[in-house]
Amino acid sequence: MLTFKLNGQRVQSNAAQSESLLSVLIEDFHINGSKFGCGRLQCGSCTVLVDGKPLRACGAPVSSVAGRSVQTLEGLTQAGVPSRLQQAFIDEQAAQCGYCISGMILTAQACLERNPNPSEQEVRQALDANLCRCGAHNRIVKAVLRAAKKVGS
Amino acid sequence: MSKVSIPPHHHLPGLATLNRRSLLKTAGYISLQFPLLLSGQEALSANANEPVRLPGDLQTNRTLSAWLRVNADQTITLLVGKVELGQGVLTAVGQVCAEELDVNISRIRITSGDTRLVPNEGVTAGSFSMPYCATAVQYASAEVRHILLSLAAEKWSLPIDSLRVKDGVIASTTGQTLTYWDLVLGGALEREATGTIAPKDPSLYRYIGQSMPRIDFPLKMTGQSIFVQELTLPGMLHARVVRPPSYRSRLLSVNVSRAQAMPGVVKVVRNGSFLGVIAKRESQADAASRVLEKSAKWQTDTQMPTHDGIFDWLLKAPTHTVKAIKSQARASSEGVSQVLEATYQRPFHMHASIGTSCAVATFTPDADMVIQLHSQSVFETGLSIAKMLGLPANKVHCKHMQGAGCYGHNMADDAAADAALLAKEVMGSPVRLQYTRAQEHQWEPYGSAMVVKTQASLSASGEILDWDLKLWSNPHQVRPNGDPGNLLSARYLEKPFDLVIPENGGPPNYAADRNAIALYEFKGHKVTTNFITEMPVRASSTRGLGAYANVFSIESFMDEVAAKLQVDPIEHRLRYLKDTRARDVLQKVTSLLGPKPVVKAANMGRGVAFARYKNIACYCAVAFEVEVNPQTGSIRVLKAFVAADAGQLVNPDGVKNQLEGGLIQSLSWTLKEEVKFNDTTILSEDWASYPILRFSEVPPVHIELINRPGMPFLGAGEAAQGPTAAALANAVFDAIGVRLRRIPFTPDRVREGLAKGQS
């Protein structure tokens, strides 16, 4: 039995300790945001925040989050209201298929927490290890900068 | 967006009036035999026995109720056979529907891609959704609106022209009102469309032409379930398949019992050389599949020509058909002063979807195979799967759900087929199958490698007299079109289905030779397609099909000729380009690029290229500013510009998003991507061995659209692919004088070009 916090709620998992965090989130907690992309830590679709830091959930055993706090895309939404960053992605229409977006938003969230007023280049750098195949990169960068501007204002 | 107010409807000149007595008296029901007296009689066929040609996909799905339902809860259901591939098509067709029906867009509910509910619109591909689906929705909606107004006019004994409609509420000048929902409540639109009700005048548009936000984005941005990869059904099991080490392989033996005994394993399935495992959890299926993989003994052969050898292989391939798709001999007799030639090569490219393909299949106790899938061809794939499983066609029910962007025929259909093969073994339990990254990368059907040879003969005065293009290509359309042989696993079953020998596509869309006929008007113009049906690696439709390589070649060669003649490459193109819309986008992109610097900076360059996709869809011109580092050989794109004309714009921001995405993807193909393989195996098995463009490499993209109010909708999703490749090659040539003719333009190839001093 393993306990951790998922989007602010204390949860327990009976899954094998070696099972990937991603599988447990999807199969036991019906998390939609985090997606399987590669299973090789290469694309970032499965990114979650663990104690506020980005983690690729496909390669981390669930045991690695015991006692820690995991946040997924769902966890950014409060009482059905999208977070400022989520809203910025909607406002900028910052996607095409949207499969990579959960990883993008969570990676950007961590970037903004570290650096509330990043330059465009810093945003690109922060997202450089997250892959998008549709070519929505520039819109994604704009969305992050839009949210950052609001943080500053 | 739902706050848009709708001004009173104005009568459109030439709009047909209905004979009042022809209206069926039964409230809310419109008869199939509804005789219309229409002013647009010329639209009707001269031959009474021949059905009228209807706009878009109304031609093949002619009943209005197949497309539209007016619901008691004051909503409209729009049913479409085209599916959302992540490009925003459902948002756009919703706009068209709301526009022509005169209802608030918030009332539109869209059902898409369910084979038991929607009109069969074939495959969602080829930039056809706007011209075929949106046009059908436009005419169907206009006609339903007209019928509803006619019913109200009949009821009130008033002329239809005197009525106004706002958000489904019809009002007379004397203050009476009736709603759409009053009029057809409980009824149906079970009648054939006539196609004769003219859509609105563009000056009245309030939804068409607006950049409406995508309807699916709030769900996607907040993690609400929408992708098939997220689907969870009660009692759902998880599956993995085990693939052979190479395409041509036979499973000799495998230790099934060891995997079968592993925790959570429900069933190991072996059918000939198809091997899969079903378990309670995905990790259990994964672990068992690895054990199976280890013990499996395969017989394989080593026949692949390697990624470096593929171009020679194509030129020497034994099985091919040669077809002259254009052979316009020059009538004039000017003397040829010089002949230029070039050869261009593109490798195999992957769709490389960010999400690996996935499907959920359930074999129900009454022997229905229900499949949730992200296929582009739900009807054809369903039929192929039915034949593979030996089920009647009507027992396979496909329900489209969104997946990761596919950009063509990826493994969506294969995943559906594999899920169904496995689900058939565990009746009653839904089976979810998702591929591993290596399986997706190594087994998807790639965009075909191609060789294109061009030749131009020039007059002494520098005119192109004869233009000759020859291309060599594998097939680009190997979709499951009702045949199981096009489903990957069907070829490995104990009773295998053979791959049907693919055909090339003919005019006007073409396939391998898509866009091979240049839009330029040359005196002599020949185009020859060498179509090679033997496929050393798996190939099928990838965004743009042959247009990517053909436009790359044509537009590179136009620049090569211009450089040889020392003329401006834009002026050179305009000389042969008569189509004014083509000229407009080319001139527009040139103005976006701005005036040439007086003194060219070292290693900096600019390049432009143009094509009208398929010669019938979106006009698109692309321009780049690049900087090349001669030491490392790396190309950095500093700025990108696009000018495009997609006819009447429905959602300008959506079109921009598509064009920008297409440009970036094509830039990725052209700079970085090549499927690598030796004689046995595909070596590109993940994002490290098949890198794609990253945030730090993506240039800013500036796009300008030319709207053409009232003109037909033109699909834009693939328009940027070809021009991007050529504009990049042209910019690199401008920067360092090296002409890159083999894609991708890797640093090694740039350095090699510099070392040779090639031009």
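1. Quick notes on the nonpolar core
Residues and elements named next belong to chain B.
- The biggest cluster of nonpolar side chains holds 281 residues, and the ones touching the most others in it are Ala419, Cys620, Val642, Ala644 and Val732.
- For this core, the element with the most residues is helix H2 (residues 129-156), which contributes 16 residues.
- For Val642, the contacting residues outside a window of four places in its chain are Val589, Cys620, Val622, Leu659, Leu663, Val701, Ile703 and Ala720.

2. Examining the sheet that holds strand S5 (residues 169-171) of chain B
All names here are of chain B.
- The strand order across the open sheet built from three strands is S4-S5-S6, with neighbouring strands paired in antiparallel fashion. Edge positions in the sheet fall to strand S4 (164-166) and strand S6 (177-179), since each of these pairs with one other strand and no more. With strand direction ignored, the average angle separating the axes of adjacent strands in the sheet is 25°.
- As defined by bridge partners, S5 adjoins S6 across three bridges and the pair is classed as antiparallel. Residue pairing across strands places Ile170 opposite Leu178, the latter belonging to S6.

3. Looking at the confidence of the model for chain B
Residue and element names in this part refer to chain B.
- Mean pLDDT over chain B works out to 92, with 93% of the residues at or above the 70 mark.
- Confidence drops under a pLDDT of 50 for residues 1-46, and excluding neighbours within four residues, the segment shows 70 contacts in the predicted structure.
- For this predicted complex, the interface confidence comes out at an ipTM of 0.97, alongside a pTM of 0.93.

4. Here we look at unusual backbone geometry
All names here are of chain B.
- Cis geometry marks the peptide bond from Pro507 to Pro508; its omega dihedral reads 0°.
- Along the chain, Pro508 turns up in the loop between strand S19 (464-473) and strand S20 (524-532).
- In this chain, Ile743 is followed by Pro744 through a cis amide linkage whose omega measures 0°.
- Among the secondary structure elements, Pro744 is positioned in the loop between helix H15 (721-736) and helix H16 (747-756).
- We note that Thr306 has phi near 70°; this positive angle belongs to a residue other than glycine.
- Along the polypeptide, Thr306 turns up in the loop between strand S11 (297-300) and helix H7 (310-316).
- We note that Ala367 has phi near 65°; this positive angle belongs to a residue other than glycine.
- For Ala367, the location among the structural elements is in the loop between strand S14 (358-363) and strand S15 (369-373).

What counts and what doesn't
Residues numbered from 1 in each chain as written. Chains lettered and ligands numbered in written order. Predicted model: local features only at pLDDT ≥ 70, side-chain atom pairs only at ≥ 80, totals over all residues. Core = buried A, V, L, I, M, F, W, Y, C linked by C-beta atoms within 7 Å. Buried ≥ 20, exposed ≤ 12 C-beta atoms within 10 Å, placed from the backbone. Helix = DSSP H or I, 4+ residues; strand = E, 2+ residues; numbered from the N terminus. Contact = placed C-beta atoms within 7 Å. Pairing = 2+ DSSP bridges. Axes fitted to C-alpha atoms, helices over the stretch in contact; angles between N-to-C directions. pLDDT = per-residue confidence, 0-100.

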